[in-house]
Structure formats: structure tokens, C-alpha cells
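Residues per chain, in single letters:
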Amino acid sequence: MRGAVRSVGRALHFPLTGPARGIRKATHAHGAGESGLGKLIELHGVNGAGDVMITVALASTVFFSVPTDEARGRVALYLGITMAPFTLLAPVIGPLLDRLPHGRRAAMAGAMLARAFLALILAGAVSTGSIELYPAALGVLVASKAYGVVRSAVVPRLLPPRFSLVKANSRVTLGGLLATGVAAPVGAGLQTLGPRWPLYGAFVIFVVGTFLSFTLPPKVDSAKGEDTALLAADEEHLHGPHLKPVKRPGLRTVGPAVTHALGANASLRCLSGFLIFFLAFLLREHPMSGQSAAVSLGIVAVSAGVGNACGTAVGAWLRSRAPEVIIVTVVACVLGAAITAAIFFSAAVVACLAAVAGFAQALAKLSLDALIQRDVPELVRTSAFARSETLLQVSWVFGGAVGIVLPLNGALGLSIGATIVAVGWLGTVRGLIASARHGGPAHTRVT
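Notes on the structure in this doc start here. Bear in mind that the values here come from a model prediction, so they are computed numbers and not experimental data.

Quick notes on the rules
Every chain's residues receive numbers from 1 upward, in the order its sequence appears when written. Predicted model: local features are reported for residues with pLDDT of at least 70 only, side-chain atom pairs are reported and counted for 80 or more only, and whole-chain, interface and lining totals are derived from all residues. For side-chain calculations, the full set of non-hydrogen atoms in the structure is used, while hydrogens and water are omitted. Labels follow the DSSP assignment, with helices taken as runs of H or I lasting at least four residues and strands as runs of E lasting at least two, numbered in each case from the N terminus. Relative accessibility under 20% of the residue-type maximum defines a buried residue, over 50% an exposed one, and the middle range a partly exposed one, all with a 1.4 Å probe and only protein chains included. Any pair of residues with heavy atoms lying within 4.5 Å of one another is described as a contacting pair. All accessibility values rest on the Shrake-Rupley procedure with a 1.4 Å probe; residue burial counts only the protein chains present in the view. As used here, the term nonpolar core means buried Ala, Val, Leu, Ile, Met, Phe, Trp, Tyr and Cys residues forming a set that is joined through side-chain atoms within 4.5 Å. In this description, a line fitted to the C-alpha atoms serves as the axis of each element, helices being fitted only across the stretch in contact, and the angle between N-to-C directions of two axes falls anywhere from 0 to 180 degrees. Any angle that falls under 35 degrees is termed roughly parallel, while one over 145 is termed roughly antiparallel, one within 65 to 115 roughly perpendicular, and all others oblique. Each crossing is labelled by how the near helix is turned from the far one, with a counterclockwise turn of less than a right angle marking it left-handed and a clockwise turn marking it right-handed. Ten residues, namely Ala, Val, Leu, Ile, Met, Phe, Trp, Tyr, Cys and Pro, are considered nonpolar, four, namely Asp, Glu, Lys and Arg, are considered charged, and the remaining ones, Gly among them, are considered polar. Every patch collects residues that have over 30% relative accessible area and no salt bridge, joining them within 9 Å if they carry like charges and within 5 Å if they are nonpolar side chains (Val, Leu, Ile, Met, Phe, Trp, Tyr). Take a side-chain nitrogen of Lys or Arg and a carboxyl oxygen of Asp or Glu: if they are within 4 Å of each other, that pair is a salt bridge.

1. A look at the overall build of the protein chain
Then step 1. Along the protein chain, the regular secondary structure elements total 14 helices and 2 strands.
Then step 2. Out of the 447 residues in the protein chain, the part that is buried amounts to 53%.
Then step 3. Excluding contacts between residues fewer than 6 apart, the proportion of contacts in the protein chain whose partners are at least 24 apart in sequence is 82%.
Then step 4. If you sum the accessible surface of the protein chain, you get close to 19,900 Å²; carbon and sulfur atoms cover 69% of it.

2. Comments concerning the nonpolar core
Then step 1. Leu275, Leu279 and Ile327 are the most contacted members of the largest nonpolar core, which has 54 residues in total.
Then step 2. Those elements that place two or more of their residues in this core are helix 6 (133–154), helix 9 (257–285), helix 10 (293–317), helix 11 (323–343), helix 12 (347–375), helix 13 (381–405) and helix 14 (410–438).
Then step 3. Here the element with the most residues in this core is helix 9; it accounts for 15 residues.
Then step 4. The contact partners of Ile327, leaving out residues within four places of it in the chain, are Ala261, Ala264, Asn265, Ala364, Ser367, Leu368, Leu371 and Leu432.
Then step 5. Counting 45 residues, the second-largest nonpolar core is a separate cluster that includes Ile41, Leu58, Ala119 and Ala183.

3. A word on the packing of helix 9 against helix 12
Think of two packed helices as two axes; the pair is described by the angle between the axes and how far apart they sit.
Then step 1. Two elements in contact, helix 9 and helix 12, have axes separated by 9 Å at closest approach and are oriented at 150 degrees. As the angle between them shows, helix 9 and helix 12 are arranged roughly antiparallel. The way helix 9 lies across helix 12 gives a crossing that is left-handed. On the side of helix 9, the interface is formed by Ala257, Val258, Ala261, Leu262, Asn265, Leu268, Arg269, Leu271, Ser272, Leu275 and Leu279, while helix 12 contributes Val350, Leu353, Ala357, Ala360, Gln361, Ala364, Lys365, Leu368, Leu371, Ile372, Arg374 and Asp375.
Then step 2. Broken down by class, the residue content of the contact of helix 9 with helix 12 amounts to 16 nonpolar, 3 polar and 4 charged.

4. What to know about the environment of Ala146
Then step 1. Structurally, the position occupied by Ala146 is in helix 6.
Then step 2. Along the chain, Ala146 and Phe385 lie 239 residues apart, while their C-alpha atoms are 9.9 Å from each other.

5. What to know about a nonpolar patch on the surface
Then step 1. Side chains of Leu113, Phe117 and Leu120 sit close together on the surface and give an oily, nonpolar patch of about 260 Å² of accessible area.
Then step 2. With respect to the helices and strands, the residue Leu120 is situated in helix 5 (residues 104–128).
Then step 3. Accessibility expressed as a relative area gives 34% for Leu120, which makes it partly exposed.

Given below as C-alpha cells:
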């Protein structure tokens, strides 16, 4: 009798415990469980799921819920009120986190908890259309970037044996993408019940993430003596114990690879912001042949998402490849795709461009993270990530602003997009190739 009861109990629990064990087995494979990287992958999945719930709720509120002739002004207002102030607040994130050298788990938990409460505020704002929507959305963005900065800084402390930094970053990012893919349809289903429900779902997810943050290994808090990264070595001098000037480490003191990689990534991020807003309005006015505006936008969005996932997956299989070579190659591919799309403008070519751009952006960002983790001293690495994220966000905002104001002419718009990528690629290719030939600065693997 007891055996039968146990069998029934196991059968009832398997639909829940079975997938959970499968996820745990995948995230903890190849030594990730022992090093603690597996727990970070799971935490990043929770982060991605919560963010996509908020994105679903805000997208329907800010863009899709208004007519085309009103959408442009309303989206521009959202961009100005939320994104632009972030470019001023983001530089504060790095120095603030630098004051918490032993509190990275607490910082990640705080970013999760802040978004949980902001999701509740947004739940009230989306129903009434109150002005609270915009500052709350700004708060979500800042908290999300703060989490991302800390997450990137702790990856080197959790590397399993024989893991490259690009591969570790891609494993974490891929976990977030998979969770996003699962949560997106769930959020869309909740949206059918009402605009508040995806935000309630985000609240629950972020509360779970708050507790999961403290399950990370204590070694993520082991850094001592961190300082603020400068953009140049001669920007500031400190006095040592004998009142002698001592240079504070800066991004340029570790070689040009990081700054050139950041420039190349900025061009891709600028193109991303441009394509999102330009194609959103272009396809609403001129949808793909035989398709509605919503379906046309969905095809391009899915193409970009698939490309991003493929780029992350490719990064997961890379071993010790030179990040500089990866960046040069993928940006060149995007440049070629953008030029082709401008010359042979069509719905299919635009979808291909979105896929290539998503692929390149994912792989280039993974390579940039690897260069920062490789070349930037640990005592300034958190601030370096904050500064890089700030520049990338500014680039995205600039690209989005250009996409909003341009005339809705496909060939003209994609020519502008190709020009953006060409400027970034031509300005960084020589420096990145030179760095790859010299093998980059000498460095020590962080564990």
C-alpha cells in the first residue's frame, strides 16, 4: 500500500520536478554546477523572464494601443522621458556598486526587488494611463542595467575549468534568451486577461529572483580594493603612501582592444535602436505584401530574436578564439547585409538583415565582455562594465531617435543604417586586428 502511494506521489510530482531536474542538469553541466556558474545561469533566466513580462505590458501600452499617427509622438516621448535620463543616471551605477565590494549578491538582489515593486506601480499606471508609467519604467531600466553590470563583473569568478570567457558569457546569455522565449507567450496570454496581469507575473518572478541572488557562491563577493575605471590613464592621479603620484588604472592602460571593441559594439547597438523604431513605423505604414502590420512587425522581431539566439548559441560553442577577430568579422557581415538591404529593399531582405544584426550584436557583445574581463584590472572592472553599458545605451537611444525622425523610405533608411555600421567598422577594424595579432595584453585568468 505504501509503495503504491509513493508511486502515485512520484507520478504527481514528476510534471514539476521532471522539467526542474532537466533544467538543473543543463545549467550545471561541464563543471558549471561546481563553480557556481549554473546558479548564475538560472538567475539570469529569471531576470530575462521578468523583463519580458514588463516589455509585453509596456509594448501594448506605449505603442500598439494607439493609432499610427499618434504612435510616433508617443514613442518619442517614452524615449525622451525614460531612455535619455538613463544616460545621465547610468554613470552613477558603477561608482555606487564600487562602494559595495563585498555586496554583489545583495546588489543583484536589490535590483530584482526594486523591479518587483516597480512592476506593481506599473500595474496601476497601465490601467489609468497616469504619468507614473514613465518614471517607473525608467526605474525598471536602471535596475535592469545595474543587475547586468554586476552579473557581467562576477562571471570571471565563476568560470569552470577550461571555460573561455566568451563561452561562459554565452552560456549565461543563452539561459536568459531561453527563459525569455518561454516567458514571452506566457506574458502574451496574461495580457489577454488585462494589462496588469503580465506585471503581476513580473512581480512574482522578480521576488523569486531576489531570493535566488543569495544562493550564488560567497566567492562572488570576494573582491577587495575595487576602484573606479577612468577613460584615460592621465585623467586622475592618486597619491600613494609616500605622497608620490600613482596612476589609477583606466581603460586605455590595458591596450586599445577594449576601446575599439566598444566602438564597434556601439555602432551595432546604434543600428539596433535605429532598426527597431524605423522598421516599426515603416511596416505599420507599408506592411509586407499580404500581411498585416502586426504580422509584419512580428516576422521582423522573430527574425531578430532567432538571430540573437543563434549568435549566443555560437558563442556557447566557441573555445579560445580571439574576441577581436570575432567582432571584426560579425560587424563586417552586418555591413554587407545592410548594404544589400538598402540596394535590394524588400520584406525578405529586411527580415534577413534583422536576423544578421541580431546574430552579430549577440556575438560582438559577448566578445566585448570577454575583452573587458580579460584586459581590465579586477579592481576597476565593475565600473568599466558600467561605463561600457552607458555608452551602448546612449548609442541605442541615438539610433532610435534617428529612426523616429527619418522619412519612411525603406532604401533611404537602410542606407543610413549601413552608414552607421560602416563608420563604426572602419574606425575600429585596424585597431582590433592589430590587437589580435599581438595576442592582447598579458592577463591572468580570474577564478
